[in-house]
Amino acid sequence: MDPVAAARAVAEERHPAARAAFLGGSVVTARRTATSDLDIVVLLHGAPAPYRESLQHGEWPVELFVHTEETWHAFVMREVVKRRSPLLWMCADGLLLFDRDGVGERLAAEARKLAAAGPRAVTGEEIEDYRYAITDLLDDLAASTDRVERLFIATELTRRTAELALAVGGAWSGGGKWLARRLEAHAPGLGVRLHHAVRDALEGQDEALVDVVDDVLGQGGGRLWAGYRRSGTP
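Parameters and conventions
Residues numbered from 1 in each chain as written. Predicted model: local features only at pLDDT ≥ 70, side-chain atom pairs only at ≥ 80, totals over all residues. Heavy atoms only, no water. Salt bridge = Lys/Arg side-chain N within 4 Å of Asp/Glu carboxyl O. Helix = DSSP H or I, 4+ residues; strand = E, 2+ residues; numbered from the N terminus. Buried < 20%, exposed > 50% of the residue type's maximum accessible area, 1.4 Å probe, protein only. Patch = residues over 30% accessible without salt bridge, like charges linked within 9 Å, V, L, I, M, F, W, Y side chains within 5 Å. Areas by Shrake-Rupley, 256 points an atom, 1.4 Å probe, with all protein chains shown as cover. Lys, Arg positive; Asp, Glu negative; His and termini not counted. Charge placed at Lys NZ, Arg CZ, Asp CG, Glu CD. 1 Å grid on protein atoms, 1.4 Å probe; cavity = no way out; pocket = protein on both sides within 12 Å on 5 of 7 lines; lining within 4 Å. Points joined across faces, edges and corners; volume = space filled by probe spheres on them. Nonpolar A, V, L, I, M, F, W, Y, C, P; charged D, E, K, R; others polar. Expected span 1.5 Å × (residues − 1). Arc of directions from axis to C-beta. Contact = heavy atoms within 4.5 Å.

> Is there a simple way to think about the pattern of salt bridges in this case?
Opposite charge on two side chains permits pairing when their charged atoms draw close. Under the criterion given, the structure shown has 16 salt bridges. One salt bridge connects Glu 12 with Arg 100, and the closest N-O pair in it is separated by 3.6 Å. On the criterion of sequence distance, the pair formed by Glu 12 in helix α1 (residues 3-14) and Arg 100 in the loop between β5 (95-99) and α4 (103-117) is long-range, its members being 88 residues apart. When its relative accessible area of 33% is taken as the criterion, Glu 12 is described as partly exposed. Classification of Arg 100 by relative accessible area gives partly exposed; the value is 47%. Note that Arg 230 is salt-bridged to Glu 125, the shortest N-O span being 3.9 Å. Taken together, the residues Arg 230 in the segment after α9 (207-220) and Glu 125 in helix α5 (residues 124-143) connect sequence positions 105 residues apart. It is possible to trace a salt-bridge network through shared partners that takes in Arg 19, Glu 69, Asp 101 and Arg 106.

Spelled out as C-alpha cells, the structure:
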C-alpha cells in the first residue's frame, strides 16, 4: 500500500475522532529506503494522549506519536531545549494527512516558523563541555592500541565533533542518520571527511581524524583540559 494511504488508514483506524494527523520522517522524502517506517503524529482532543507506540500495519512498520495540542507544545519545547526536535520536524516537513478543525495547519505553521528560526543559542558552558569531552577522547585515542577500544573512541569522537560543529554554527542537531543529514546540510563534506578519517583511525592511522576534529574544535576555542571545572549539585 502507498505510504500516504497506509498512514491515513492507521490514523483513522486507531483514532477515528482525531483532529489531525501528519506523516513525517524519511518515507516522505527522496531518502526513503526499503526499511523506512511510517512516522505518524496524531492530534486528539484528550486522552489517551500523550503516548508513543510502535506497531505493524500490513507491510509497514509504524511509529505513532499521539498528542493533544497542549502536549504537542510541551513536548516540542522540551525537545527544542536540547537543540533537536523530531516531533517539530515531523510537523514542519511532514505531510498533513487530514485536518478536521484547523489544528493541523496551525501546528504545521508554528513548526515551520520554529524550525526556520533555528535552535536556541548554545551557551559558552555547553561549548566548553564539548571541548573538554572531545579533548579527553583525543587523548584516549592517542594512547589506545586496542582495536575494539579504538572503534568506540573514534565513533564517539565523530558524534561529538558533529554535534559541536552544529552547535557552534547555530544549526539544528539530530540523532543517528539525522545527525549526518543535519551536518551535511550545515557543513557539506564534513561528514565524508569524518568517515574517511575514522576508517583510517581503525587501521591505526590517527592523523586525519585528529586533524578534522581539531579543525572543528578550533571553531569553538580549541582543545580544553587544564582549567576546566564544573560545580556539582548535592
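> Honestly, a negative patch on the surface in this entry has me stumped. Any pointers?
Residues Asp 139, Asp 140, Asp 146 and Glu 149 make up a contiguous surface patch of negative charge. Along the chain, the position of Asp 139 falls in helix α5. Looking at Asp 139, the relative accessible area reads 39%, which means it is partly exposed.

> Got a minute to help me understand the layout of surface pockets in this structure?
Here the idea is plain: a probe the size of a water molecule rolls over the atoms and shows the empty space left. What the largest pocket holds in volume is close to 790 Å³. What lines the largest pocket is a set of 36 residues, among which Gly 25, Asp 39, Pro 86, Met 90 and Trp 178 lie closest to the centre. Among the elements of the structure, β3 (51-57), β4 (60-68), α2 (69-80), α3 (86-92) and α7 (177-186) are those that each provide at least two residues to the lining of the largest pocket. Of the residues in the lining of the largest pocket, the class split is 12 nonpolar, 13 polar and 11 charged.

> Looking at this structure, how should I read the environment of Thr 161?
As for its position among the elements, Thr 161 is in helix α6 (residues 147-168). Here the alpha-carbon distance between Thr 161 and Thr 233, two residues 72 residues apart in the chain, equals 27 Å.

> I would appreciate a short explanation of α4 in the present structure.
Residue pairs three or four apart in sequence face the same way in an α-helix, which turns once every 3.6 residues. The terminal C-alpha atoms of α4 lie 21 Å apart, and with 15 residues this matches the ideal 21 Å at 1.5 Å per residue to within 8%. Among the residues making up α4, those that are buried are Val 103, Gly 104, Leu 107, Ala 108, Ala 111 and Ala 115. Down the axis of α4, the buried set is contained in an arc of 125°. They therefore lie on one face. Pointing more than 90 degrees away from the buried face of α4 are the exposed residues Lys 113, Ala 116 and Ala 117. The elements touched by buried residues of α4 are β1 (20-24), β2 (38-44), α2, α3 and β5. Of the residues one or two after α4, Gly 118 is the one with positive phi, at around 85°.

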